[in-house]
Every structure is written in C-alpha cells, then in structure tokens.
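Okay, here's what each chain looks like letter by letter:
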Amino acid sequence: MSRDGEIRRVEDLVARGLLDADRADEIGRVVDRFALAITADMARLIDPADPEDPIARQFVPDPAELEVRADEADDPIGDGTHAAAPGLTHRYRDRVLLKPTHLCRIYCRFCFRRDRVGHAGEELSEAEIEAAIAHVAARPEIFEVILTGGDPLVLSDRRIGRLLDRLEAIPHVEVVRLHTRVPVVDPGRIGATTAATLRRRFATWMVIHVDHPRELTEAAAAAIGRLVDAGIPMLSQTTLLAGVNDRAEVLEALFRGLVRLRVKPYYLHHLDRAEGTARYRVPVARGRELMNGLRGRLTGIAQPVYVLDIPGGHGKVPIGADPLEPVGEGREAGTGRWRVTAPDGGVHDWEG
Ligand SMILES: *Cc1c(COP(=O)(O)O)cnc(C)c1O
C-alpha cells in the first residue's frame, strides 16, 4: 500500500477484503478511467462484511461506472462554459473558482469533475497561477475567491500560504473560501501550522464535504475543532446519494453532528449527472420529501439549502418545496393572497 493503510491500487482493495480477486481486471478498467484513492481514515470505517456500507459505496469503484447514460455529461455543471483562464471559472460576477490542483486525497465515485480529477501532473503551473491572479486583480467586482479543485488541501501549507499571500495583495479580495474534504477524510493533515496559514487579512471560510454521519470521527472532530478555534468559520456541503444518505434519520444525524462540531450545513446538492453515476440518483421529489421532513423537526441552524446546479453552466438554484402558493389573481399589484404550508403540513391563508 502507498501510505499506511491508504488504498491507491486495485490490489489494495483485494488485500482489504473490499474486492474479490477475480473481479480485479474489471475494476482495473474502471480505475484506468476514474482515479482511485481512499485515505486510511476512511478505509478504516468500511465494514467489508456489509455489502451496503455507506462509506464503501462512496469510494469503492464499481463496474457500473463505465455505463454512461445519454443524459450524463463529462462536464455536467458547465465549468468549461465559464472558464476564464486555465484553472479559473468565473460564472458569477462577485466570485471565482480557482482550482490550483486537480488532485484529491480521496476520489468520490459520483464526483461531477470525475473526468478531470486525479491525473498526474494536474497542477497549475506558476505561469497559470500568475494569469489567474491577474484576472482577479484586474476585476474589482471580485469579492471572493473560492479555492477548489481537486482538493486545495492536497497542497502543502507552504504552497497554500504562497497562494494566499498573492491573494492578500489584492485589496478587493475580502473573502477566500476553501472547498475541501481533507479535515474529514485525512484529519491528520490539519496540523498546528494549517490554521495559522489560513488566517489572513481577508476572511477565510472553509466548506467541508461530508455525506454520512459516520465520517465525523473523533479525529475529524478534533481537526474541525482546531480550525474553528483558530477563527475559520465552517460550512458543509452534502450530496444526496441513493444508498448513502437518502433516509431522514441519516440526514438528521449528519446535520446534527455537524452543528455539534460548530459547522453550519450549507448546501444539500442534488446529484449532478456525471458519467457513470446513475446508481446514486435520487428523484427530486424524494429529495423534497426528505427536506420537508426535516423542517420543524430539526433545528433551523442545521437545515441546508437543497440545490440544483442547472446543467450547462446556468448556475445553482434552491429546489426545496415552495411553502407559498398564489391564490387567484392580483399578486402583481401587491395585494396577493397566498396559501402557505406550515412545517406540520397544515395549510393557511395569508396575504402579503
Ligand atoms: C458553486 C459555484 C460557486 C459558488 O456558489 P455559492 O452559491 O456562492 O456557494 C461559484 N462559482 C461556480 C462556477 C460554482 O459552480
């Protein structure tokens, strides 16, 4: 195995009892196409005797990944449509995505960037970083830079520090946000210097990707605690996944677990149609039903917004059920009558 207890190769899966040796060739073809890595912390959580293990289901490759459906795309959310420079996506006026690396510590089998992550040499060159920084520096309307990838915390503290130094020199950048799985899947990476590297003139926010309550181990809790104590506000994002977290009890335990660790659940993503991910689909009606079930039963600070990234690069929109329904005519005049659905399902007339 590559690092202690980490899974990087098909043989590692066989050695850990996560794959029958006679299926190694078949899975080898999947892994040639879509990168494999499972950190030791996540590999330890998998029960090889459970065919429905929610951690294995996220990270262990499956032959179905090579079955591409007609409605699946290699760039489902249209990153390419808004590419401003290599590694830079500028879709919304006030914020940009900067992807300094296409590598991750762990590869999710449902990733919407799965066609572009995990290949060797997938880091921005110095010149490409310069060009991305120049794009930001030339546009005072850019308030926020979102570091994503790949996973930016694959880079060393020293390299992230150099990148943040450059962003710090641009006065109109007031927020830098990191999208990462590292504090959860490789909590040992969050060392004493990490928080100090991240604290800056601008506000540094972190959004961690977590899909199942079991991922919130003691080690993850400690890493998150170190960051929050150091003044890094934390949000989370979760992808709604069949067989992983598409049950009310699982989502409730996850969102409560996050709030307990001082992480605010931010987005629940409807699955993007990346290639070979049909086995994770949850119908939007089911997603709404799950979210409606949480309203009223789970503290408001633990409720994420259920969102869809419209295919083709048109942006993210909330897709939770709308509690307001217009009644009759006249709402344009500001005298509208509405029917509003309460958390307990009761329907009430309201004017506004
Ligand atoms: C998701 C996304 C963002 C961030 O959106 P928020 O709603 O601010 O979290 C920014 N740019 C692109 C291209 C995105 O896909």
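Residues numbered from 1 in each chain as written. Predicted model: local features only at pLDDT ≥ 70, side-chain atom pairs only at ≥ 80, totals over all residues. Heavy atoms only, no water.

A. Here's a closer look at the pattern of salt bridges. According to the stated counting rule, one finds 38 salt bridges in the structure shown. Via salt bridges that share partners, Asp62, Glu65, Arg109, Arg114 and Arg279 belong to a single interconnected network. (Salt bridge = Lys/Arg side-chain N within 4 Å of Asp/Glu carboxyl O.)

B. Geometry of the sheet that holds strand E13 (residues 347-351). An order of E11-E12-E13 is seen for the three strands of this open sheet, with the pairing classed as antiparallel. Among the strands making up the open sheet, the edge pair consists of strand E11 (324-327) and E13. Each adjacent strand pair in this sheet contributes to an overall mean axis angle of 30°, direction not counted. (Pairing = 2+ DSSP bridges. Helix = DSSP H or I, 4+ residues; strand = E, 2+ residues; numbered from the N terminus. Axes fitted to C-alpha atoms, helices over the stretch in contact; angles between N-to-C directions.)

C. Seen up close, the site of the ligand. In the region of the ligand, the neighbouring residues are Ile77, Thr89, Arg91, Tyr92, Arg95, Leu97, Ile146, Arg177, Tyr266, Tyr267 and Lys316. Between Arg95 and the ligand, the recorded distance is 2.7 Å, taken from a side-chain N or O atom to an oxygen atom. Note that an oxygen atom of the ligand is positioned 2.9 Å from one of the side-chain N or O atoms of Arg177. Surface burial for the ligand is 92%, taken as the share of its 390 Å² of free accessible area covered by protein chains. (Near = heavy atom within 4 Å. Polar contact = N/O pair within 3.5 Å; in protein donor to acceptor, adjacent residues only side chain to side chain. Areas by Shrake-Rupley, 256 points an atom, 1.4 Å probe, with all protein chains shown as cover.)

D. Structural detail: the domain arrangement of the protein. If you check the domain split of the protein, you get domain 1 (3-66), domain 2 (80-318) and domain 3 (322-352). Computed over C-alpha atoms, the centres of domain 1 and domain 3 are 50 Å apart. (Domains from an automatic or database assignment.)

E. Summary view of the sheet that holds strand E7 (residues 234-239). Taking strand neighbours across the sheet as the criterion, the 10 strands line up as E1-E2-E3-E4-E5-E6-E7-E8-E9-E10 in an open arrangement whose pairing is mixed. A strand with exactly one partner marks an edge of an open sheet, and here the two such strands are strand E1 (83-85) and strand E10 (315-318). The mean inter-strand angle of the sheet, taken between neighbouring strand axes irrespective of direction, is 30°. Here strand E6 (residues 203-209) runs beside E7; their pairing, made up of four bridges, is parallel. Considered in E7, the bridge of His209 is made with Gln237. Helix H9 (residues 218-229) rests against E6, E7 and strand E8 (263-269) of the sheet, and its axis sits at about 140° to E7. (Contact = heavy atoms within 4.5 Å.)

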